[in-house]
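Chain by chain, the residues run as shown.
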Protein chains: 2
Amino acid sequence: MTSIGKLVLIGCGPGSADLLTFRAAQRIASADLLLVDRLVAREVIAHAAPAARIVDVGKAPGDGGVQQAGINHLIRTALAEGRTVARLKSGDPMVFGRATEELCEAVALGAEIEIVPGVTAALAAASDAAISLTERAEIQSFSVVTARTADASTPDWVSLVRPGSCTAFYMGVAQAWRIQSTLMANGAPGSLAIEWVENAGRTDCRTISGTLSNLADTARRKRVRNPAILFVRYPLSAAASVGAVRISG
Amino acid sequence: MTSIGKLVLIGCGPGSADLLTFRAAQRIASADLLLVDRLVAREVIAHAAPAARIVDVGKAPGDGGVQQAGINHLIRTALAEGRTVARLKSGDPMVFGRATEELCEAVALGAEIEIVPGVTAALAAASDAAISLTERAEIQSFSVVTARTADASTPDWVSLVRPGSCTAFYMGVAQAWRIQSTLMANGAPGSLAIEWVENAGRTDCRTISGTLSNLADTARRKRVRNPAILFVRYPLSAAASVGAVRISG
């Protein structure tokens with residue numbers, strides 16, 4: 001009888017092969033089957049063993065890539081054969097990685113699991129733009145949120161953008177006007193510094209500065225494209241200078 | 001005349017040498033002077049060039065380590081001599097890294113700067129504990145905050161712990177009772193799942209589960225010690241099941 005294999009979820013960092021960790025490279029080299037997401041740097045696969053099977057499961061919007069049920073089936077089959085499956089995710093596997101479903105597949109089979117953290121895109125973007133995500137006496141917390149929400153009503157992120165915060169929006173390009181107008185309607189000063197970071201962590205990265213009041217216009221004029229991170233910084237001093245009050249939730 | 005050197009802020013990940021990125025290792029190898037924080041894994045320094053000067057600038061509470069003014073002086077002197085200075089920070093340099101002051105030193109001299117992102121402790125802790133920081137239809141955002149705040153009044157993090165959120169507290173051990181009591185007094189259900197992760201990313205990592213209502217007691221009985229990350233997860237379904245309302249800010 002074959003023993004059950006192992007599932008390793010691996011954060012590969014944001015699209016640049018040298019933002020991979022040594023641990024991730026080692027686990028990639030030990031895997032029998034690699035299931036690779038779309039935004040993973042292709043050079044990362046060079047760490048794979050020569051005999052490993054590599055399957056591109058990248059899902060671009062509307063491209064008919066391998067769907068989640070198909071990915072789950074590949075994982076189940078390989079684990080049942082006793083193989084080590086490496087699931088390569090861009091960034092960090094626990095941030096917008098939809099890890100739960102795949103972990104459940106492995107747990108249901110009694111397989112060993114391991115998770116290797118990675119540099120999530122917001123961290124690489126902050127380094128590219130030299131933005132401190134926290135700052136003593138000014139920024140006490142930072143939050144990561146996706147701009148896409150199923151709910152059409154007031155989005156959850158309105159309450160995150162408050163004095164003392166830095167908020168990183170993933171996938172915000174199409175939502176630029178909604179972000180700008182919703183935040184300003186809820187009391188955020190139009191003078192807040194914003195920053196778009198396109199292709200974070202990569203050599204073709206681009207950073208574009210602006211203010212909340214011209215956020216959408218900046219994105220359009222500069223033709224910002226995904227993958228992009230949008231930072232909205234709301235230092236305590238900005239709240240004091242405009243006499244802003246705390247936004248209620 | 002000597003040209004001005006270069007300052008590289010490097011995120012070294014949370015205390016485990018194999019959570020270093022390839023880019024970080026390469027920049028460490030290129031530096032003339034390494035200024036190393038306390039929680040950086042000692043094996044990381046093995047990437048340094050043989051001729052490099054290595055200065056431990058770790059600041060443990062009350063140990064009389066090199067103070068910030070001294071660090072700034074070392075940076076200024078080395079940059080003026082045209083050297084490449086690598087500032088090794090644990091985790092990610094832009095998360096509680098007090099990067100701004102050191103970057104300003106370099107900018108004032110006209111030095112080149114580079115920032116290399118790293119795996120921040122919350123990401124490593126989430127992987128260790130297999131906690132998804134976001135989860136479709138349940139957790140829409142995650143936030144990182146330090147439990148230590150200068151202000152003794154209602155802390156900023158009260159408003160972050162809300163339905164649809166996951167909050168990671170850095171350095172929360174001494175504040176465990178305050179976190180528990182303040183959140184519950186502001187309407188968070190005592191049944192919320194919490195997780196302590198001690199020594200995230202390291203082989204001696206330890207994860208301890210509990211609920212918000214026994215958060216402080218769990219930390220005391222299990223003798224949780226820093227460095228530790230505390231996660232408080234507040235899925236949307238938890239809010240629905242107790243009929244909780246949104247907490248106002």
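Read on for a plain summary of the structure. Treat the numbers as computed from the prediction; the structure is a model and nothing was measured. (Residues numbered from 1 in each chain as written. Chains lettered and ligands numbered in written order. Predicted model: local features only at pLDDT ≥ 70, side-chain atom pairs only at ≥ 80, totals over all residues. Heavy atoms only, no water.)

1. Here we look at the overall build of chain A
Selection rule: Secondary structure is summarised from DSSP: a helix means a run of H or I of at least four residues, a strand means a run of E of at least two, and numbering begins at the N terminus for each. Buried means the residue's accessible area, taken with a 1.4 Å probe over protein chains only, is under 20% of the maximum for its type, while exposed means over 50%, and partly exposed covers the values in between. Contact between two residues is taken to exist if any of their heavy atoms lie within 4.5 Å; hydrogens are not considered. Only the protein chains shown count as covering a residue, and every accessible area follows the Shrake-Rupley method with a 1.4 Å probe.
For chain A, the count of helices and strands is 7 helices and 10 strands. Counting over 249 residues, chain A shows a buried share of 57%. Here the contacts in chain A between residues at least 6 apart in sequence split such that 68% fall between residues at least 24 apart. Put simply, chain A shows about 9900 Å² of open surface, and 52% of that area lies on carbon and sulfur atoms.

2. Topic: the relation of the copies chain A and chain B
For clarity, the cut-off: Here the copies were fitted onto each other by least squares, based on C-alpha atoms from residues at pLDDT of at least 70 in both.
Laying chain A over chain B is done by rotating through 180° and shifting 0.0 Å along the axis; what remains is an RMSD of 0.0 Å. Read as a symmetry element, the transformation amounts to a two-fold axis.

3. Some thoughts on the interface of chain A and chain B
Applicable threshold: Note on definitions: buried area is the accessible-area loss of two parts on being combined, 1.4 Å probe, summed for both. We define a salt bridge as a contact between a side-chain nitrogen of Lys or Arg and a carboxyl oxygen of Asp or Glu at a distance within 4 Å. Within 3.5 Å is the distance limit for a polar contact, defined as a pair of N or O atoms, with the added protein rule that one can donate a hydrogen and the other accept it, and that residues adjacent in sequence qualify only through two side-chain atoms. DSSP bridges decide pairing: two strands pair if at least two such bridges lie between them.
Between chain A and chain B, the residue contacts involve 54 residues of the former and 53 residues of the latter. Summed over both sides, the interface between chain A and chain B buries roughly 4500 Å², with carbon and sulfur atoms accounting for 56% of that surface. A per-residue breakdown of the area chain A buries against chain B is headed by A:Phe22, A:Arg23 and A:Met94, which together make up 15% of the total. Applying the counting criterion to the chain A and chain B interface returns 2 salt bridges. Here A:Asp18 and B:Arg23 are joined by a salt bridge, their closest N and O atoms 3.0 Å apart. On inspection of chain A and its partner chain B, the count reaches 23 residue pairs in polar contact (both at pLDDT 80 or more). When residues of the side of chain A that touches chain B are traced back to their parent elements, those giving at least two are helix H1 (22–29), helix H3 (99–109), strand S5 (112–116), helix H4 (121–128) and strand S6 (141–146) of chain A. If you tally residues by element for the side of chain A that touches chain B, the top one is S6(A), at 6 residues. Judged from the 5 bridges that link them, S6(A) and strand S6 (residues 141–146) of chain B form a sheet pairing that is antiparallel. Of the residues in S6(B), the one forming a bridge with A:Val145 is B:Ser141.

Function cannot be inferred from these measures alone, as they are strictly geometric.
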